[in-house]
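Structure at a glance
In case you want the letters, here they are:
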Amino acid sequence: MYDPKNPPSPASAYRGRFAPSPTGPLHAGSLVAALGSWLDAKKNGGKWLLRIEDIDGPRCIPGADLDIMRQLLACGLQWDEEVTWQSERQDRYKTALEVLNQHKHLYSCACSRQTIANALAVQGIETPRNQEMIYPGTCHPTQIQINALTTEKVAWRLALPKDLIIEFEDKRLGTQKQNLNQAVGDFVLRRNDGLFTYQLAVVVDDAEQNITHIVRGEDLLSNTARQIYLQTLLGYNRPHYLHLALVLDQDGEKLSKQTLATQINTQDSKSALVELQKAASHLGLRGLPSRKDLSIAEWLLAATHAWGNQRIEEK
Ligand code: GLU
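Just so you know, these numbers come straight off a predicted model, no measurement behind them.

This part takes up the overall build of the protein. Scanning the protein from terminus to terminus reveals 9 helices and 10 strands. Over its C-alpha trace the protein gives a radius of gyration of 21 Å, about what one expects of a compact globule, namely 20 Å for 315 residues. Across its three principal axes, the protein shows a C-alpha extent of roughly 65 × 60 × 40 Å. Relative to its 315 residues, the protein shows a buried fraction of 48%. Counting every atom, the protein has about 16800 Å² of accessible surface; 50% of that belongs to carbon and sulfur. Taken together, the 35 basic and 36 acidic charged side chains of the protein have centroids lying 2 Å from each other.

As a further point, take the sheet that holds strand S2 (residues 47-52). Either a parallel or an antiparallel arrangement is found when strands of a sheet pair, and the pairing is made through backbone hydrogen bonds. Taken together, 3 strands build an open sheet; the order of strands is S1-S2-S3 and the sheet is parallel. This sheet does not close on itself; its edge strands, each paired only once, are strand S1 (15-18) and strand S3 (84-85). Bridge count between S1 and S2: 4 bridges; the pairing is parallel. Each bridged residue has a counterpart across the sheet, and for arginine 15 the counterpart in S2 is lysine 47. On the sheet, helix H1 (residues 28-43) packs against S1 and S2 and is oriented at approximately 150° with respect to S2. Each of S1, S2 and S3 is contacted by helix H2 (residues 64-74), which is oriented at about 155° to S2, the strand it contacts most.

Turning to the packing of aromatic side chains, a few remarks are in order. On inspection of all chains with the given rule, the structure shows 3 aromatic pairs. Judged by centre distance (6.2 Å) and plane angle (10°), the ring pair of phenylalanine 18 and tryptophan 48 falls under stacked. Here the residue phenylalanine 18 occupies a position in strand S1, and tryptophan 48 occupies one in strand S2, the gap between them amounting to 30 residues. Given the relative accessible area of 6%, phenylalanine 18 is considered buried. The ring of tyrosine 135 is capped by arginine 157, whose NZ or CZ atom sits 3.6 Å from the centre of that ring. When the ring centre of phenylalanine 187 is taken as reference, the NZ or CZ atom of arginine 226 above it lies at 5.9 Å.

Every residue lining the ligand is accounted for by Arg17, Ala19, Pro20, Ser21, Glu53, Tyr198, Val202, Arg216 and Leu220. For the ligand, a nitrogen atom lies 2.6 Å from a polar atom in the side chain of glutamate 53. Taking tyrosine 198, its side chain carries an N or O atom lying 2.8 Å from an oxygen atom of the ligand. Taking 300 Å² as the accessible area of the ligand by itself, protein coverage stands at 79%. Residue composition of the shell around the ligand, by class: 5 nonpolar, 1 polar and 3 charged.

Rules of the game
Residues numbered from 1 in each chain as written. Predicted model: local features only at pLDDT ≥ 70, side-chain atom pairs only at ≥ 80, totals over all residues. Heavy atoms only, no water. Helix = DSSP H or I, 4+ residues; strand = E, 2+ residues; numbered from the N terminus. Rg over C-alpha atoms; globule rule 2.2 N^0.38 Å. Buried < 20%, exposed > 50% of the residue type's maximum accessible area, 1.4 Å probe, protein only. Areas by Shrake-Rupley, 256 points an atom, 1.4 Å probe, with all protein chains shown as cover. Lys, Arg positive; Asp, Glu negative; His and termini not counted. Charge placed at Lys NZ, Arg CZ, Asp CG, Glu CD. Pairing = 2+ DSSP bridges. Contact = heavy atoms within 4.5 Å. Axes fitted to C-alpha atoms, helices over the stretch in contact; angles between N-to-C directions. Phe/Tyr/Trp six-rings, centres within 6.5 Å; stacked < 30°, edge-to-face > 60°. Lys NZ or Arg CZ within 6 Å of the ring centre and 35° of its normal. Near = heavy atom within 4 Å. Polar contact = N/O pair within 3.5 Å; in protein donor to acceptor, adjacent residues only side chain to side chain. Nonpolar A, V, L, I, M, F, W, Y, C, P; charged D, E, K, R; others polar.

What follows is the structure in structure tokens.
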């Protein structure tokens, strides 16, 4: 029964998130994503969730999740609900994979990276180093069956229909379009070592946590069409997207563990404030107070006000 003292929250109530992979502590680039997503949520009176994306166990650094949480708190970026860890949610991903299987969207594939590279080379396609290979469809059956989802050294791929073009709006970058067949091909949802992939896990988690707004770095833009297609197949709502400009190093490379990005300095509140100010300047926030005696809470409040103006400027 409807309780006027406790009305249901509207379906569209803003819910955002920050979803770091614990492959190391926060660096200047990941702080930009954390701050941008936090400010967007706060500006819109929304909730901001923290999800640790430790789905790819071998890439995770023990303790990095706690380091990230300490750094966020030192910067005043407090999450609003319990933290979730993807490593504890395997059963959810398995259920989603089963649903896709029941609807005949999956097939198994035993191709090695070398087999795929060779098949592409025959077509005259060389994949530059560090780039994902576009799967040429070698194992795609003519008729898809409902399968026994074995984990025996095979990967499970999503069978894409032909000419699958996904279009979506990005708040900063405008209308985006990707032809999934040409850009990625049938992509993997469960790897041959039994691990669920980021694409599947992130879609399931965003839907189950009712995330309405995804604010993250532009390095993830090329994944969005895949995620939207999965949302469609699984009957989930599509969130709004905002991909933020990346922080680059002197060589024009995105900051990452691979490029040995240094972690942000949050040893005391003055240092944390300096890191926040750098991140805000990268986000294009103007006119923020620069007084040295400002508390982080006061600064964040000013930044939340400035966030709205910056968004208007961008349009
Ligand atoms: N875990 C991903 C990363 O750290 C981010 C995922 C997302 O925001 O969708 O790059």
